[in-house]
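Here are the chains, one letter per residue:
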Amino acid sequence: MSSHTINGIIYEITNLLIDFDARWATHWLIKMIRENCFSDWVAWKTEQTMAKVDRQIVEITKDWEVKDHDTYVKPIIIEHQPDGSKAQDLLGGTLEISSPWYHKQQQENQK
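Residues numbered from 1 in each chain as written. Predicted model: local features only at pLDDT ≥ 70, side-chain atom pairs only at ≥ 80, totals over all residues. Heavy atoms only, no water.

Novice: Explain the overall build of the protein to me, and be specific about the residues and the numbers.
Specialist: A tally of regular secondary structure across the protein gives four helices and two strands. What you see in the protein, going N to C, is helices and strands ordered as α-α-β-α-β-α. The buried share among the 111 residues of the protein stands at 14%. Considering only intrachain contacts with a sequence separation of at least 6, the fraction spanning at least 24 residues in the protein is 40%. As presented, the protein carries roughly 9,500 Å² of accessible surface, and 59% of it is formed by carbon and sulfur atoms. (Helix = DSSP H or I, 4+ residues; strand = E, 2+ residues; numbered from the N terminus. Buried < 20%, exposed > 50% of the residue type's maximum accessible area, 1.4 Å probe, protein only. Contact = heavy atoms within 4.5 Å. Areas by Shrake-Rupley, 256 points an atom, 1.4 Å probe, with all protein chains shown as cover.)

Novice: Describe the packing of aromatic side chains, and please don't skip the residues or the numbers.
Specialist: Summed over all chains, the structure comprises three aromatic pairs. Aromatic rings pair up to connect Tyr11, Phe38 and Trp41 into one cluster. (Phe/Tyr/Trp six-rings, centres within 6.5 Å; stacked < 30°, edge-to-face > 60°.)

Novice: Residues and numbers for the environment of isoleucine 6, please.
Specialist: Tracing the backbone shows isoleucine 6 in helix H1 (residues 3-20). Considering only alpha carbons, one finds isoleucine 6 and cysteine 37, 31 residues apart in sequence, at a separation of 9.0 Å.

Novice: Describe the confidence of the model for the protein, with residues and values.
Specialist: Any segment with low pLDDT has predicted coordinates that should not be analysed in fine detail. Averaged over all residues, the pLDDT of the protein equals 83, while 85% of them reach at least 70. Per-element averaging of pLDDT across the protein places helix H4 (residues 100-110) at the bottom with 66 and H1 at the top with 89. (pLDDT = per-residue confidence, 0-100.)

This is the structure in structure tokens:
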């Protein structure tokens, strides 16, 4: 364990003491401990919070992957041939992107 972890835990213990009995907040030893350990407690608490956030991100990402897998549909990309203009000869023909459900709807309307 690193020193900021130990000092962070000591600071948390002083928090518990003060929550148990507010008179501890005025004790000289507790004040000195809290002043000495505060910066380490902030670093330790930040590490703990960021680790928790990282775990939540992994969970949320997994949920999104499941939901996206169920609802995501690959778009249809149609490449048209160049029309002979100089710009399209250099860059290629136009691209058209459409969704499969729109493409199916267009085909049904043409029938």
